[in-house]
Protein chains: 2
Amino acid sequence: MANASDPKETLATRLQAAVQARGQRWTEQRQVIADVLAASDGHATGAELVELVRAADPSATPSTVYRTLDLLEELGFATHHHGVDGRETYHLEEVVAHGHVHCHGCGAEVEIDADVAKPILAAIERATGYAADLDHLSLQGRCPSCRAAAAR
Amino acid sequence: MANASDPKETLATRLQAAVQARGQRWTEQRQVIADVLAASDGHATGAELVELVRAADPSATPSTVYRTLDLLEELGFATHHHGVDGRETYHLEEVVAHGHVHCHGCGAEVEIDADVAKPILAAIERATGYAADLDHLSLQGRCPSCRAAAAR
DNA sequence: GAGTCTATCGCAACATGTTGCAATAAGCCA
DNA sequence: TGGCTTATTGCAACATGTTGCGATAGACTC
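Note that the structure is predicted; figures quoted are calculated from it, not measured.

J.: Sorry if this is basic, but what is going on with the layout of surface pockets here?
T.: Gaps left between atoms are located by rolling a probe of water-molecule size over the structure's atoms. Here the largest pocket is characterised by a volume of approximately 320 Å³. Along its surface, the largest pocket is lined by 18 residues, and H82 and S138 of chain A together with H82, G83 and S138 of chain B are the ones closest to its centre. Among the secondary structure elements, those contributing two or more residues to the lining of the largest pocket are β2 (78–82) and β7 (138–142) of chain A together with β2 (78–82) and β7 (138–142) of chain B. Split into classes, the residues belonging to the lining of the largest pocket amount to three nonpolar, 14 polar and one charged.

Structure below.
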């Protein structure tokens, strides 16, 4: 821990600067939420974050957590997507943009990083004209081993 | 209406046959839900279906509707995916398989039919080894006109 | 430091789904 | 037809988010 870039410190600090630059306010609750998010590994559901925040500050309420999360998205510090079960999953912006693919055979979920996704996004653009968002790329299908098992 | 194939009749009938073939039971509620689904255009959220079913049969409850919808999926008569806002959207199997792409600029949502999707699915397979599911393909990005507006 | 403006908070109610459980009734067999 | 088995229902409680509103408290000015 405590490496050179110290991401936990910089997240809260940069967030505070960004919030205040927009004429908005920096509060205790936002500090707590920023800390919790920085301490997570960058993948957490809304409910998990609410629970973690309440553990750090029992007076916090879900509405505050979700509203702050919305603010983080607006400011570009986080993104969220809906997983297979429809639950929200939040990512820190520090985590490099990536998509997900979920296997409905074995339930495995793997990440798709930018390099791997490049030809997929290119195909989407050619086919539809849309510039798709890697962070919202959430696919379902069958992984290679389940396909092999099904073929037998 | 009342065309040659008469899909409304056949859905309930075929569903009943499939349910009974599995040793399961055919009930009033399932008949109502099948009728409602057949009368929809093949795109309805869970909440909409619950409301429609309750309009047809006020004694029906949400749990019954959702459980029946799960059954329809198991039997291959319907599929569902989660839209941009995380709400569930159900499709009848009669509607040809298709994906969706949502523009986060203007909010437009367009369908991606099988032909258009083919190169996308091929790219996904090449990049990840996964055989992706067209019905669960739910993308977000920027549509051509929003991209043009942003470029200016 | 005091006063003002208003963004943010916490609460409570709501929306959409999910789950456990006891009561009901569909389908089967004698 | 009558009785039995158990899938299905309806209820109620819960889980996860969202929204409206009055109270609180940041931040700014004087």
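Further notes follow.
J.: Please clarify how the interface of chain A and chain B should be interpreted in this entry.
T.: How big an interface is tends to be reported as the loss of accessible area on association of its parts. Counting residues at the interface gives 35 residues for chain A, matched by 35 residues for chain B. Both faces combined, the contact of chain A with chain B buries some 2600 Å², and carbon together with sulfur accounts for 64% of it. The largest contributions to the chain A side of the interface with chain B come from Y130, Q140 and R147 of chain A, which together make up 23% of the buried area. Linking chain A with chain B are two salt bridges. Linking chain A with chain B are eight residue pairs in polar contact (both at pLDDT 80 or more). Among the elements that make up the side of chain A that touches chain B, the one with the highest residue count is helix α5 (residues 114–128) of chain A (eight residues). The residue inventory of the side of chain A that touches chain B, partitioned by class, reads 19 nonpolar, eleven polar and five charged. Of the pairings in the sheet, the one linking β7 of chain A to strand β6 (residues 131–132) of chain B comprises two bridges and is antiparallel in character.

J.: What is the right way to read the state of the cysteines from this model?
T.: A covalent bond bridging the sulfur atoms of two cysteines is what the word disulfide describes. Residues and elements named next belong to chain B. As enumerated under the stated definition, the model contains zero disulfides over all chains in all. Distance from the sulfur of C103, which forms no disulfide, to the nearest cysteine sulfur (C143) is 3.7 Å. Note on C146: no disulfide assigned, nearest cysteine sulfur contributed by C143 at a separation of 3.7 Å.

J.: Help me understand the side chain of H82 of chain B in this model?
T.: With respect to the helices, strands and loops of the structure, H82 of chain B is situated in strand β2. Exposure remark for H82 of chain B: the relative accessible area of 13% places this residue in the buried category. At a separation of 3.4 Å, a polar atom in the side chain of H82 of chain B contacts the main-chain carbonyl oxygen of G86 of chain B. When near neighbours in sequence (up to four residues on either side) are disregarded, H82 of chain B contacts G83, V84, D85 and G86 of chain A together with R87, E88 and S138 of chain B.

J.: What is the right way to read the relation of the copies chain A and chain B from this model?
T.: The relation between the two copies of this chain is a rotation about an axis and a shift parallel to it. Each copy superposes on the other: chain A lies on chain B with an RMSD of 0.1 Å after a rotation of 180 degrees and an axial shift of 0.0 Å. Interpreted geometrically, this transformation is the action of a two-fold axis. It is G86 of chain A whose C-alpha, among those of chain A, lies nearest the rotation axis, at 2.6 Å. The overlap is high: 100% of the interface residues of chain A also sit at the interface in chain B, so the same surface is used on both sides.

J.: What should I look at first to understand the sheet that holds β2 of chain B in this one?
T.: Hydrogen bonding along the main chain pairs the strands of a sheet, whether they run parallel or antiparallel. Residue and element names in this part refer to chain B. Strand order in the open sheet made by the three strands is β1-β3-β2, with antiparallel pairing throughout. In this open sheet, the two edge strands, each paired with only one partner strand, are β1 (44–45) and β2. Note: β2 against strand β3 (residues 88–92), five bridges, orientation antiparallel. Note on β3: the bridge partner recorded for A78 is L92.

J.: I'm lost on the domain arrangement of chain A in this one. Help?
T.: Residue and element names in this part refer to chain A. Domain parsing of chain A yields domain 1 (7–92) and domain 2 (98–151). If you average the C-alpha positions of domain 1 and of domain 2, the two centres end up 27 Å apart. The interface is formed by seven residues belonging to domain 1 together with nine residues belonging to domain 2. Both sides of the domain 1 and domain 2 interface together cover about 660 Å² of buried area, and 56% of this is carbon and sulfur. Ranking the residues of domain 1 by area buried against domain 2 places H43, H81 and V84 at the top, with a combined share of 65%. Where domain 1 touches domain 2, the interface holds zero salt bridges. Inspection of the domain 1/domain 2 interface yields three residue pairs in polar contact (both at pLDDT 80 or more). The leading source of residues in the side of domain 1 that touches domain 2 is β2, at four residues. Residue composition of the side of domain 1 that touches domain 2, by class: one nonpolar, six polar and no charged.

J.: Would you explain the environment of H80 of chain B in this entry?
T.: Residue and element names in this part refer to chain B. With respect to the helices, strands and loops of the structure, H80 is situated in strand β2. Classification of H80 by relative accessible area gives buried; the value is 17%. Measuring from C-alpha to C-alpha, the distance between H80 and H136 comes to 7.7 Å, with 56 residues separating the pair along the chain. Dropping the residues within four chain positions of it, H80 is found in contact with E73, E88, T89, Y90 and H136. Looking at H80, its side chain comes within polar contact range of the side chain of E73, at 2.4 Å.

What counts and how
- Residues numbered from 1 in each chain as written.
- Chains lettered and ligands numbered in written order.
- Predicted model: local features only at pLDDT ≥ 70, side-chain atom pairs only at ≥ 80, totals over all residues.
- Heavy atoms only, no water.
- 1 Å grid on protein atoms, 1.4 Å probe; cavity = no way out; pocket = protein on both sides within 12 Å on 5 of 7 lines; lining within 4 Å.
- Points joined across faces, edges and corners; volume = space filled by probe spheres on them.
- Helix = DSSP H or I, 4+ residues; strand = E, 2+ residues; numbered from the N terminus.
- Nonpolar A, V, L, I, M, F, W, Y, C, P; charged D, E, K, R; others polar.
- Contact = heavy atoms within 4.5 Å.
- Buried area = accessible area lost by both parts, 1.4 Å probe.
- Salt bridge = Lys/Arg side-chain N within 4 Å of Asp/Glu carboxyl O.
- Polar contact = N/O pair within 3.5 Å; in protein donor to acceptor, adjacent residues only side chain to side chain.
- Pairing = 2+ DSSP bridges.
- Disulfide = S-S within 2.5 Å.
- Buried < 20%, exposed > 50% of the residue type's maximum accessible area, 1.4 Å probe, protein only.
- Least-squares fit on C-alpha atoms with pLDDT ≥ 70 in both.
- Domains from an automatic or database assignment.

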